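Close look at the chain arrangement
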Amino acid sequence: MKRNLKVSAKIAALVLVFTTVISCEKDFADIGASIISNTKFSTNSILVDVTLENAPVTNLRSDNLTFEPGTYLLGVHASADYEKIEASIVSQIAVPSGLTLLDAENTYVSDTTVITTIDTAFVKLPYQVSLNDTSTGYELDSIIGDKTKAFDLNIFQLNTYLSRLNPADPSKVNSYYSNDVFEKAGAALNTTNNFKLIPKATDTAIVVKRWLNNGALYNKDTVTYTNSTAVTVPLPFAAIPLKEDVIKSLFLDKYESAEFETQDAFNNHFRGVILEATGNEGSLISLNFNGTNNPSIEIYYTNTVIANGVAIDTISKNHSFPLAGIRAATYKMEDKVYPTNEEVIIQGAAGSEGVLTLFGADADGNGLADKIEELRAQNLLVNDALLTMYVKQSADTTAIPYRLYLYKSDEAPTPTYSIIKDVYSENIASFGGLLERGTDDQFEKYTFRITDYISDLLNGNTNYSPTLRLKVVNTTDLQTVTDTIFKNYSWNPKAVTLLNHSAINGDKKVELKISYSEEK
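These numbers were taken from a predicted model, which means no experiment stands behind them. (Residues numbered from 1 in each chain as written. Predicted model: local features only at pLDDT ≥ 70, side-chain atom pairs only at ≥ 80, totals over all residues. Heavy atoms only, no water.)

Brief notes about the environment of phenylalanine 359
Our working rule: Secondary structure elements are defined from DSSP: runs of H or I of at least 4 residues count as helices, runs of E of at least 2 residues count as strands, and each element is numbered from the N terminus. Note on classification: 1.4 Å probe, protein chains only; a residue is buried when its accessible area is under 20% of the maximum for its type, exposed when over 50%, partly exposed between these limits. Residues are treated as being in contact if the distance between any of their heavy atoms lies within 4.5 Å.
With respect to the secondary-structure elements, phenylalanine 359 resides in the loop between β23 (352-358) and α4 (370-376). Given the relative accessible area of 4%, phenylalanine 359 is considered buried. A sequence separation of 86 residues divides phenylalanine 359 from lysine 445, and the C-alpha atoms of the two residues are 21 Å apart. Among residues more than four places away in sequence, those in contact with phenylalanine 359 are Val48, Asp49, Ala369, Lys371, Ile372, Leu375, Ile454, Leu457, Leu458, Leu512 and Ile514.

This is the structure:
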């Protein structure tokens, strides 16, 4: 009979159980990374051949319909070693209920006229930041690339209707992918085409000029934003001016009409915006849509009250329209073909993954790698299994990912992805994948502990040994494990070059080390 054991060296009471079991059984199971000293066993380790190859990513799911990442990429990042990425955002707009040009308390007699003048309109893009050491200002976070160079940003009205349900099968939730093409309605909404965006920590205010109906300057408001009343330091943000006449027509002139009665009605009237980034240089900005200050359209206007041809009152107002509802990211990736050599490129977003094959070929065609059959015959007790990949340190590491992730893929035309057992039988911290430094403090390697997965293969608990895929991962991509299905999102654009299985890489080639015990 076969029995699975998990033994911790820290629990002395289990020593007796362990020795009793092994005295009558010939088959062994995983006991994690600790083993108990016993004169009936010897310990050893083997290195198993692994192949690691490039696997370009065509697209990936990028909407928030079933999983809300919270952060989205906007901008451009180019590197000679990797694919250039132009990251854009598509989003619906949330409309506040009961919008009116005048508040209820602002009532006037019948012989007065109220004339509304739009003062300004802009898209607000708050940066992710952290307070500096003196708490007098902020430093920009979550930006990669050259922050001294601008990328081009254009903002378009969206003409594609974003649907929560699949139009082809309304019983299913819809999905949007990183290479989807979204239709634009008309010309860009920004006042200057190809707005040059350079993220700056000093961009903390915008001056709004208030205008009367006759074109006279009425007042100036300095607009800033803070995270809370406790922290009064103004937040850095980008402000992209919009065409005032177009925004007035689409928004202010429609406030008390049917188009603004409900969110659904508004979504039919104004389907959303496309924030489109283009260019050959610049930076990639990670924007947070789940914070206290989120991306939005800001509209400022002034009501001038006229009686007998004379202005008797002026009322300054503004409204905020968050970029909320259905969102999707689009990634325009450079079409780069990597040579077949001693290295593999792992790049996030819709860049490139790695494909790993463990244990080699299945020469006899029985559905199981010959090496697995060989190791099964040895009745090994797997103590530990470490899969290690080394960084090519001469490649570009300026935007190296701090974590990679390993998952299973059946490589079908419509692939099924699944989670490796150790992620949920142990935990993500034990599973590993974090970037490690060497003794010289250089970026050195990534290591995964896949002990339970390998143990199940070698003790015959499973014959399922699919291709493993390696990808860049962000903390927001690591969903709570509720089943064994893996949802392949990627909101992290970072990239690293790894050394593959080629002999030329010597002791730095990818390796699977299995530590085991066996009966003497």
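Side note on the confidence of the model for the protein chain
The condition that has to hold: Confidence scores here are pLDDT values: one per residue, from the predictor, ranging 0 to 100.
Of all residues in the protein chain, 90% attain a pLDDT of 70 or more, and the chain-wide mean is 89. A low-confidence stretch, residues 1-36 (pLDDT under 50), is modelled with 67 contacts involving residues beyond four sequence positions or located in other chains.

Things to note about the side chain of threonine 451
Put simply, the rule is: For this analysis, a polar contact is any N or O atom pair within 3.5 Å, provided that within protein one partner can donate a hydrogen and the other can accept it, and provided that sequence-adjacent residues contribute only side-chain to side-chain pairs.
Secondary-structure assignment places threonine 451 in helix α7 (residues 451-458). Given a relative accessible area of 3%, threonine 451 falls into the buried group. Side chain to side chain, threonine 451 and aspartate 384 meet in a polar contact 3.0 Å long.

Some thoughts on the sheet that holds strand β16 (residues 237-241)
Spelled out, the test is: Here, any two strands with at least 2 DSSP bridges between them count as paired. Between N-to-C directions, angles span 0 to 180 degrees; the directions come from axes that are lines fitted to C-alpha atoms, helices contributing only their stretch in contact.
Pairing in this open sheet of four strands is antiparallel, and the strands run β16-β5-β19-β20 from one edge to the other. Because the sheet does not close on itself, it has two edges, and the strands there are β16 and β20 (310-322). The average undirected angle you get between the axes of adjacent strands in this sheet is 25°. Strand direction decides the pairing type here: strand β5 (residues 112-126) and β16, joined by five bridges, are antiparallel.

Comments concerning the sheet that holds strand β28 (residues 443-449)
Pairing between the strands of a sheet is mediated by backbone hydrogen bonds and can be parallel or antiparallel. Strand order in the open sheet formed by five strands is β1-β31-β24-β28-β27, and the pairing between neighbours is antiparallel. Looking at which strands have only one partner, the edges of the open sheet turn out to be β1 (41-48) and β27 (432-437). The sheet shows a mean angle of 20° between the axes of neighbouring strands, direction not considered. Both β1 and strand β31 (residues 511-519) contribute to a ladder of eight bridges, which runs antiparallel. By the bridge assignment, serine 42 is partnered in β31 with glutamate 518. Across the sheet, α7 lies against β24 (381-390), β28 and β31, angled at about 125° from β24, the strand it touches most.

Some remarks on α7
The element α7 is extensively covered by neighbouring structure, given that eight of its eight residues are classed as buried. In the stretch just after α7, glycine 460 is the one whose phi turns positive, near 85°.

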